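Take a look at the letters that make up each chain.
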Amino acid sequence: MLAPDASSVLALTQGDPAGIGPEIIVRAWQEAPDALRHCFVAGDVAVMRRAARLMAGPQGLAWPVAQIEQPADALAVPPRCIPVLQVGAPLVPPDYGRITAEAGRSAGTAVEWAARAALRQEIAAMVTAPLHKEALSAAGYGFPGHTELLQAEAAAFRGVGIDEVPVRMMLANDELRTVLVSIHVSLREAIDRLSRSGVLQTLRITHASLARMLGRVPRIAVAGLNPHAGEGGLFGREEIEQIAPAVADARAEGIEAFGPFAPDTVFMRARRQPGQAGGEFDAVIAMYHDQGLIPVKYLGVETGVNVTLGLPFVRTSPDHGTAFDIAGQGIAKADSLIAAVRMARSLAGC
């Protein structure tokens, strides 16, 4: 357990101000104040005050937003009060559901600030509310999402190239964990990029991360790329030429890797059924974005958590996007964000 100082607080980045991020942050404080203890919001004070008014309820009693000057100030904020650290220039809250460069810049600045604070060990972990990729791009960021932005921040902090900080996305809920070989690229590019070294690197990162999380050697299944895992080469040779050799390489290093298995059944084998401690495997390596995300989200997007593996700090996020279609209505659920906060606390040991 970390000492109760700045290194024990968690930063929640507000996400895109036009999306549901600010309102689910407020709802998380309302529904799970114990989980949000020693947390603060890195973002915009005016945006968070608007969200607090939105979530005030029929009695009109909005949770007060307290502006803080540094992370440690969150420790002294009284109960039923949301601490917010102003990051970047104050923002006029944008219309809900509208893509703007200003909103993208506000969201991106908050992520950059939190990442740098985590790298300097000024906070224990960061939990990111959803940002909008188009707004981020309009603001001039050359990254398709959180994962790549955080990878670049870690590389810059270490003074190394981005390839020297390999990261992977893990999606997890109470029933299933999946880790992606490729993340935010087109399906065509994901297939073209598939390599023995990339699959092996994913297995190494997953093994090291899950071993720390679980306190034991994890059992990792590997999904094939093609139907029936290629059916012996009839439906594609990626399993024979890249994936199976990578699994063999990993096993030679002492990693408990198995496969490649047919992707239409392997996720069921790894799923924890009710009343069971776990499934046959602790995680499934998926070859591309949707292959790994669809099973987890189908089981319940409300409780899914995104964990970035390979970073030198803890980062989690809810398993959903900005939901511009319902932003500003006060109906978005905070279950996934609360789960992300709890997982970040567990991983950070605080």
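Structural notes, computed from the coordinates.

Thresholds, definitions, all that
- Residues numbered from 1 in each chain as written.
- Predicted model: local features only at pLDDT ≥ 70, side-chain atom pairs only at ≥ 80, totals over all residues.
- Heavy atoms only, no water.
- Phe/Tyr/Trp six-rings, centres within 6.5 Å; stacked < 30°, edge-to-face > 60°.
- Lys NZ or Arg CZ within 6 Å of the ring centre and 35° of its normal.
- Helix = DSSP H or I, 4+ residues; strand = E, 2+ residues; numbered from the N terminus.
- Expected span 1.5 Å × (residues − 1).
- Buried < 20%, exposed > 50% of the residue type's maximum accessible area, 1.4 Å probe, protein only.
- 1 Å grid on protein atoms, 1.4 Å probe; cavity = no way out; pocket = protein on both sides within 12 Å on 5 of 7 lines; lining within 4 Å.
- Points joined across faces, edges and corners; volume = space filled by probe spheres on them.
- Nonpolar A, V, L, I, M, F, W, Y, C, P; charged D, E, K, R; others polar.
- Pairing = 2+ DSSP bridges.
- Axes fitted to C-alpha atoms, helices over the stretch in contact; angles between N-to-C directions.
- Contact = heavy atoms within 4.5 Å.
- Salt bridge = Lys/Arg side-chain N within 4 Å of Asp/Glu carboxyl O.

### Overview of the packing of aromatic side chains
What describes a pair of aromatic rings is the distance from one ring centre to the other and the angle between the planes of the rings.
Line of reasoning, step 1. The full count for this structure, using the stated rule, is three aromatic pairs.
Line of reasoning, step 2. Here the aromatic residues Phe258, Phe261 and Phe281 are joined through ring pairs into a cluster of three or more.
Line of reasoning, step 3. Above the plane of the ring of Tyr96 lies Arg50, whose end atom (NZ or CZ) is 3.9 Å from the centre.
Line of reasoning, step 4. Sitting over the face of the ring of Phe261, Arg269 holds its NZ or CZ atom 4.5 Å from the ring centroid.

### Description of helix α7 (residues 196-214)
Three- or four-residue spacings in an α-helix give side chains the same orientation, since the helix completes a turn every 3.6 residues.
Line of reasoning, step 1. Counted at 1.5 Å a residue, the expected span for α7 with its 19 residues is 27 Å, and the 26 Å between its end C-alpha atoms agrees.
Line of reasoning, step 2. All of the buried residues in α7 are Gly198, Val199, Leu200, Thr202, Leu203, Ile205, Thr206, His207, Ser209 and Leu210.

### Overview of the layout of surface pockets
Line of reasoning, step 1. Considering only enclosed or pocket space, the largest pocket measures out at about 760 Å³ in volume.
Line of reasoning, step 2. Met170, Arg177, Met213, Met343 and Leu347 are, among the 37 residues lining the largest pocket, the residues nearest its centre.
Line of reasoning, step 3. Breaking the lining of the largest pocket down by element, the ones donating at least two residues are β6 (168-172), α7, β11 (305-309) and α11 (335-348).
Line of reasoning, step 4. When residues in the lining of the largest pocket are grouped by element, the largest group, seven residues, is from α7.
Line of reasoning, step 5. Among the residues making up the lining of the largest pocket, the classes are represented as 20 nonpolar, eight polar and nine charged.
Line of reasoning, step 6. Those elements giving two or more residues to the lining of the second largest pocket turn out to be α5 (146-158), α6 (187-193) and α7.

### Some details on the sheet that holds strand β8 (residues 219-223)
Line of reasoning, step 1. A sheet is described by the order of its strands in space; here 12 strands give the open sequence β3-β4-β2-β1-β5-β12-β11-β6-β7-β10-β8-β9, paired in mixed fashion. Edge positions in the sheet fall to β3 (65-68) and β9 (256-261), since each of these pairs with one other strand and no more. Geometrically, the sheet is characterised by an average inter-axis angle of 30° between neighbouring strands, direction not taken into account.
Line of reasoning, step 2. Across three bridges, the pairing between β11 and strand β12 (residues 315-318) is antiparallel. Counted as the bridge partner of Val305 is Pro318 from β12.
Line of reasoning, step 3. Against the sheet, helix α3 (residues 101-119) touches β1 (10-13), β2 (39-43), β4 (82-86) and β5 (125-128), its axis set at about 165° to β1.
Line of reasoning, step 4. Contacts from α7 reach β6, β7 (177-180), β8, β9, β10 (283-286) and β11, with the element oriented near 50° to β6.

### What about the pattern of salt bridges?
Line of reasoning, step 1. In this structure the tally under the stated criterion is 13 salt bridges.
Line of reasoning, step 2. Here Arg271 and Glu175 are joined by a salt bridge, their closest N and O atoms 2.6 Å apart. On the criterion of sequence distance, the pair formed by Arg271 in the loop between α9 (266-270) and β10 and Glu175 in the loop between β6 and β7 is long-range, its members being 96 residues apart.
Line of reasoning, step 3. Measuring nitrogen to oxygen at the nearest pair gives 3.7 Å for the salt bridge that ties Asp319 to Lys297. One end of the pair, Asp319, is in the loop between β12 and α11; the other, Lys297, is in helix α10 (residues 289-300), and 22 residues separate them in sequence.
Line of reasoning, step 4. Owing to a relative accessible area of 4%, Asp319 belongs among the buried residues under this scheme.

In short, the description is geometric, and any link to function would need to be established separately.
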